[in-house]
Amino acid sequence: MERTLKTIVIVGIVAIGISGILLSNALAGRSGRGIPDGQGDSDLEKPPVPMDENEKKILGILDDIRANQSYRNVPPQDGRFLRITAESMNAKNVIEIGTSTGYSGLWFGMALQKTGGKLTTYEIDAQRAAAARANFNRAGMADTITLVEGDAHEEVTKLKDPIDILFLDADKEGYIDYLTKLLPLIRPGGLIIAHNINPQMADPKYMEAITTNPNLETIVRSGVGLTLKKR
Ligand SMILES: C[S@@+](CC[C@H](N)C(=O)[O-])C[C@H]1O[C@@H](n2cnc3c(N)ncnc32)[C@H](O)[C@@H]1O
């Protein structure tokens, strides 16, 4: 009887201990193996350090958009990723589908001011297009960023020049149409970056297209699909 009681107490203590570990891992957003999921790596990052007054001004506008005009904008770490990618590729022609209030566009703009490149960005909603236009103007990006107001499915058919980066961040079921229309224009070595690539939102037709084409190489990290058009 005494031994049974001891066993019950020991099993109870072990069970409470395991539940505690699982709960603390869940609250910390970590897997049971102690490996950070998704954004854990970005815990190692620090906020951007502006190199000059212009960068300081743009970072201030970006903070203001997030605080006061946010509408489904990418998180700051994705914005920084877009900037780093565009600047390091020396991108000259970037196409963005889904401007919203101009948050990701400004991250691209920071890179393109340095590379001498241009961003063309598409937005179907008039109110958000107006907010984005005002943000591009106050950031001094009028010569760097062109906003096209309208349905991107129709508007992108007017594009003719080679594209360094195509960034998809609009209607998820439309990604396959944007890819079909614009893949011929992506230069060899160019990138297609797609946002919201996760099991809940990714369109299976788009995923099939970017993962089975031998001319493309795709990885997905933290909801961002990165597809290289091979040379
Ligand atoms: C997720 S938000 C874009 C966020 C933006 N890239 C950012 O991070 O700041 C998606 C935007 O795509 C726009 N959109 C949806 N369908 C569109 C279409 N067919 N043509 C152009 N814009 C579209 C929506 O109105 C919305 O503002």
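Structural notes, computed from the coordinates.

Calculation notes
Residues numbered from 1 in each chain as written. Predicted model: local features only at pLDDT ≥ 70, side-chain atom pairs only at ≥ 80, totals over all residues. Heavy atoms only, no water. Helix = DSSP H or I, 4+ residues; strand = E, 2+ residues; numbered from the N terminus. Contact = heavy atoms within 4.5 Å. Near = heavy atom within 4 Å. Polar contact = N/O pair within 3.5 Å; in protein donor to acceptor, adjacent residues only side chain to side chain. Areas by Shrake-Rupley, 256 points an atom, 1.4 Å probe, with all protein chains shown as cover. 1 Å grid on protein atoms, 1.4 Å probe; cavity = no way out; pocket = protein on both sides within 12 Å on 5 of 7 lines; lining within 4 Å. Points joined across faces, edges and corners; volume = space filled by probe spheres on them. Nonpolar A, V, L, I, M, F, W, Y, C, P; charged D, E, K, R; others polar. Phe/Tyr/Trp six-rings, centres within 6.5 Å; stacked < 30°, edge-to-face > 60°. Buried < 20%, exposed > 50% of the residue type's maximum accessible area, 1.4 Å probe, protein only.

### A closer look at the side chain of Asp-169
Logical step 1: As for its position among the elements, Asp-169 is in the loop between β4 (163-168) and α7 (175-182).
Logical step 2: The residues touching Asp-169, leaving out its near neighbours within four places in the chain, are Val-74, Ile-97, Gly-98, Tyr-175, His-195 and Asn-196.

### Considering the site of the ligand
Logical step 1: In the neighbourhood of the ligand, 23 residues make up the surrounding shell, with Val-74, Gly-98, Glu-123, Arg-128 and Asp-169 lying closest.
Logical step 2: Take Arg-128: an N or O atom from its side chain is 2.8 Å from an oxygen atom of the ligand.
Logical step 3: The side chain of Asp-169 places a nitrogen or oxygen atom 2.8 Å from a nitrogen atom of the ligand.
Logical step 4: Here the ligand loses 93% of its free accessible area of 610 Å² to cover by the protein chains.

### Some details on empty space enclosed by the protein
Logical step 1: Applying the stated criterion across every chain yields a total of two cavities of 30 Å³ or more.
Logical step 2: The space that makes up the largest cavity amounts to roughly 50 Å³.
Logical step 3: Forming the boundary of the largest cavity are Asp-52, Asn-54, Glu-55, Ile-58, Arg-83, Met-110, Gln-113 and Lys-114.
Logical step 4: Elements with a contribution of two residues or more to the lining of the largest cavity: α2 (53-68) and α4 (103-115).
Logical step 5: Taken as a whole, the second largest cavity holds about 30 Å³ of empty space.
Logical step 6: What lines the second largest cavity is simply Arg-72, Asn-73, Val-74, Gly-98, Thr-99, Ser-100, Ser-104 and Asp-169.
Logical step 7: By residue class, the composition of the lining of the second largest cavity is one nonpolar, five polar and two charged.

### What about the packing of aromatic side chains?
Logical step 1: In the structure shown here, the tally under the stated rule is three aromatic pairs.
Logical step 2: Centroid distance Tyr-103 to Trp-107: 6.4 Å. Interplanar angle 75°. Geometry classified as edge-to-face. Linking Tyr-103 with Trp-107, this pair stays in helix α4, spanning four residues, or about one helical turn. Residue Tyr-103 shares its accessibility class with Trp-107, and that shared class is buried.
Logical step 3: Summarising the aromatic geometry, the rings of Tyr-175 and Tyr-206 are spaced 5.4 Å apart at their centres and angled 80° between planes, so their arrangement reads as edge-to-face. Of the two residues, Tyr-175 sits in helix α7 while Tyr-206 sits in helix α8 (residues 204-212), which places them 31 residues apart along the sequence.

Geometric descriptors of this kind do not, in isolation, establish any biological role.
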